[in-house]
Amino acid sequence: MHDTNTRPFSISRVAIYATLIVAMLVYLIPVVVMLLNSFKTTGDIRAGNLLALPTTWTLEGWSKAWSSACTGVQCEGVHGFFWNSFRMTVPAVLISTILGSFNGYVLSKWSFRGSNLFFSLLLFGCFIPFQVIILPMAFTLGKLGLANTLTGLVLVHVIYGVAFTTLFFRNYYVSVPDALIKAARLDGAGFFTIFFRILIPLSTPIFMVCLIWQFTQIWNDFLFGVVFASGHGQPITVAINNLVNTSTGVKEYNVDMAAAMIAALPTLLVYIVAGKYFIRGLTAGSVKG
Amino acid sequence: MAQLQLKDIRKTYKNSPEETLKGINIEIESGEFLILVGPSGCGKSTLMNSIAGLESLSGGSISINGRDISQVPPKDRDIAMVFQSYALYPTMSVRDNIAFGLKIRRQPRDQINAEVSRVASMLQIEPLLDKKPSQLSGGQQQRVAMGRALARRPKIYLFDEPLSNLDAKLRVEMRTEIKRLHQQLNTTIVYVTHDQIEAMTLADRIAVIKDGELLQLGTPKEVYETPANQFVASFIGSPAMSFIPITVTETDQGLAARVTGANRETLRLPLPQGLSPYLGRQITLGIRPEHISQPEAARIEHPLVTRAELTIEVTEPTGPDVIALIRLNDVAVHCRLNPEHPARAGEPTQLMFDMARTVYFDPDTGQRIG
Ligand SMILES: Nc1ncnc2c1ncn2[C@@H]1O[C@H](COP(=O)(O)OP(=O)(O)OP(=O)(O)O)[C@@H](O)[C@H]1O
Ligand SMILES: [Mg+2]
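Conventions and cut-offs
Residues numbered from 1 in each chain as written. Chains lettered and ligands numbered in written order. Predicted model: local features only at pLDDT ≥ 70, side-chain atom pairs only at ≥ 80, totals over all residues. Heavy atoms only, no water. Domains from an automatic or database assignment. Contact = heavy atoms within 4.5 Å. Buried area = accessible area lost by both parts, 1.4 Å probe. Pairing = 2+ DSSP bridges. Helix = DSSP H or I, 4+ residues; strand = E, 2+ residues; numbered from the N terminus. Disulfide = S-S within 2.5 Å. Buried < 20%, exposed > 50% of the residue type's maximum accessible area, 1.4 Å probe, protein only. Salt bridge = Lys/Arg side-chain N within 4 Å of Asp/Glu carboxyl O. Near = heavy atom within 4 Å. Polar contact = N/O pair within 3.5 Å; in protein donor to acceptor, adjacent residues only side chain to side chain. Areas by Shrake-Rupley, 256 points an atom, 1.4 Å probe, with all protein chains shown as cover. Patch = residues over 30% accessible without salt bridge, like charges linked within 9 Å, V, L, I, M, F, W, Y side chains within 5 Å.

### Here's the deal with the domain arrangement of chain B
Residue and element names in this part refer to chain B. We note that the domain assignment places domain 1 (4–235) and domain 2 (242–361) within chain B. Measuring from the centre of the C-alpha atoms in domain 1 to the corresponding centre in domain 2 gives 40 Å. The partner domain 2 presents six residues to the seven residues of domain 1 that form the contact. Each partner contributes to the roughly 630 Å² buried at the junction of domain 1 and domain 2, and carbon and sulfur atoms together form 56% of this total. Ranking the residues of domain 1 by area buried against domain 2 places Tyr224, Gln230 and Ala233 at the top, with a combined share of 71%.

### Structural notes on the sheet that holds strand β21 (residues 348–354) of chain B
Sheet architecture is open: three strands sit in the order β16-β21-β17 (chain B), paired in antiparallel fashion. Either end of the sheet is taken by a strand with one partner, and the two such strands are β16 (292–293) and β17 (305–311) of chain B.

### Re unusual backbone geometry
Residue and element names in this part refer to chain B. Proline 239 follows serine 238 through a cis peptide bond whose omega is -5°. With respect to the secondary-structure elements, proline 239 resides in the loop between α8 (230–235) and β11 (242–247). Positive phi is not limited to glycine here, since glutamine 124 has a value of about 55°. The phi torsion at aspartate 211 lies on the positive side, around 50°, for a residue other than glycine. Inspection of the secondary structure assignment puts aspartate 211 in the loop between β9 (205–210) and β10 (213–218).

### Re the state of the cysteines
All names here are of chain A. On inspection of all chains with the given rule, the structure shows one disulfide over all chains. Here cysteine 70 connects covalently by a disulfide to cysteine 75, the sulfurs 1.7 Å from one another. On the sign convention where negative is left-handed, the bridge of cysteine 70 and cysteine 75, at about 100° about the S-S bond, is right-handed. The exposure class of cysteine 70 is partly exposed, given its relative accessible area of 26%. Of the cysteine sulfurs around cysteine 210, a residue in no disulfide, the closest is that of cysteine 126, at 11 Å.

### A word on the pattern of salt bridges
Residue and element names in this part refer to chain B. Under the definition given, this model contains 22 salt bridges over all chains. In this structure, the salt-bridge partner of aspartate 76 is lysine 75, at a minimum N-O distance of 3.6 Å. Residue class for aspartate 76 comes out partly exposed when judged on its relative accessible area of 43%. Here glutamate 177 makes a salt bridge to arginine 143, at a shortest N to O gap of 2.8 Å. Placement of glutamate 177 in helix α5 (residues 168–185) and of arginine 143 in helix α4 (residues 138–151) is noted, with a sequence separation of 34 residues between them. Here glutamate 177 matches arginine 143 in class, with each residue buried. When salt bridges that share partners are traced, they join Asp8, Arg10 and Glu19 into one network.

### So, the site of ligand 1
Residue and element names in this part refer to chain B. Taken together, the neighbourhood of ligand 1 is formed by Tyr13, Asn15, Thr20, Ser40, Gly41, Cys42, Gly43, Lys44, Ser45, Thr46, Glu161 and His194. Between ligand 1 and the protein, one listed contact pairs an oxygen atom with a side-chain N or O atom of lysine 44 at 2.8 Å. Residue glutamate 161 places a side-chain N or O atom 3.4 Å away from an oxygen atom belonging to ligand 1. Computed on the free molecule, ligand 1 has an accessible area of 640 Å², of which 61% lies beneath the protein chains in the complex.

### What to know about a nonpolar patch on the surface
Residues and elements named next belong to chain A. Residues Ile16, Tyr17, Leu20, Ile21, Met24, Leu25, Leu28, Ile29, Val31, Val32, Leu35 and Leu51 make up a contiguous nonpolar surface patch of about 1,100 Å² in total accessible area. Topologically, tyrosine 17 is positioned in helix α2 (residues 11–38). Exposure remark for tyrosine 17: the relative accessible area of 46% places this residue in the partly exposed category.

### Concerning the interface of chain A and chain B
Counting from both sides, the interface comprises 18 residues of chain A and, opposite them, 24 residues of chain B. Together, the buried faces of chain A and chain B total about 1,900 Å²; carbon and sulfur atoms form 64% of this surface. Ranking the residues of chain A by area buried against chain B places Arg185(A), Leu186(A) and Asp187(A) at the top, with a combined share of 38%. Put simply, chain A and chain B have one salt bridge between them.

What follows is the structure in structure tokens.
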């Protein structure tokens, strides 16, 4: 540490910073391009180059994307789909996270006959590609009378997400010393008291990891949305696809860019608010007893 | 005030092929301080967890004051346990840690507060009550863990290596503290330790366990002076007892054995008459450091005491005495000498062997024979 502080211009330092700056640019350029162009007029985009600043800054693209752009036959912008995504993502994230923490608690602290097999099968769920379950899931949703409903979509995401959240919580709770559970049992705490009074208060970092992970996965999902929802019920990812593919007259790149930004903002916001917990939760799983 | 009876306790973990506890029988008197010692993995924690009800038994029964509690859930056994890792609830303050068990048992608030203050003053942790466990030192965490156990006023306390995470000085302090608490509260305590000084100083009785079997149960004096077998003898005492292979022979002054020193010095060790069934056979002599000392006029006339000049190999001054290493029949043997006694490494010195206090083992079974 001391060494690097006293020699700020050592070659390795320069190399490290150069690499970091290059990496940052690679990741930032698409965002910058999107942002810049979302504030341009269509004429401006066609005339200038992609990286140039707008000659006139305008919110036209954003307001059109939000309230009047055409997504297929209807021309009401993406706002309805944006709220669809919210109404799908929030319950799906919360339910899958809560189920995951409960599963993780049982699997790590109350192992039962066959619990390891149960956990292995659940892990299997993490590796099943979306495409594989589409047909059986469509069939099941139809049987349940949930085809093409928001509830159905939430159910799909909960089922798919529980495998991941259980894995996260189980691995986190494994590092909580068993002696803590024993002490609580001797103190008279039962199954649920131990969960709510001892483990849940310890779980903030892993809750954040789960929330971010699940929010990103579910918000950004396209396939389930396009398959299991239709018309007015579709999430914003599907709506953007429709918006970009709707070809009436000239291509309005500013509107496309603005719509894409609108779709990306919530996940961005979640990362900014809870990101530090994400890093912390992923690296420091352990709890001192 | 509770008497605890362990009757033929057996435990086999469901995922393990071997029996971990193989029939443990111990009766613990009311107010007794019982210490469990034994090598790592011998089943001490398993036994403690079984008493607490945290592990189910595969066989046998546990009774408190004559009432069989084998099927009673842990919270209703009225037992408190202090863990090696302390197991303090990390998100709760010290106060809440101590009060947790009382809150769960729905005691009135003012009663809980009174109990927390009582315990806190007994352990001198009042200034810590509003801190979190992570803000405390190891010794302070240890006190809080004891406070949590004390607050419920249980019938029986279980301590599973409570001091092993503390540094040496603090360990001695806490040891005294625990002894004082026991005298003050006069409750039944079962206590696991690796530290045999802890065992000797705290225990009313010591239970030595190996591989899930109880090898010996007795007062510290009994276990130290008349160990049931070679394992117990080697486990208790520091520096450890030395074991010398000897052959019992008959001389005109009674039974004796001839042993050879490092420089081919031979000496004749008198043996007690009780070993006559072993005449002509090889047995194991167990000799503790204090059995070999500087010659002392008061003792030297005893028929089973002898003296010899032997070469010292190494000396280790400990302060109150010097531990010297000699070699007998090719076995390194510790002697405990007065620091005033002239003993230097590589030089011969006069030593007194007190064969009235040594012990003897059958080399085949390891059992003590005299
Ligand atoms: N939950 C468990 N499942 C299976 N085997 C176990 C379990 N807990 C302990 N054992 C085994 O039982 C034996 C006794 O373990 P135990 O923890 O009681 O030993 P110990 O005497 O307390 O050791 P230490 O002094 O190291 O604490 C060990 O061989 C251990 O591997
Ligand atoms: Mg143990």
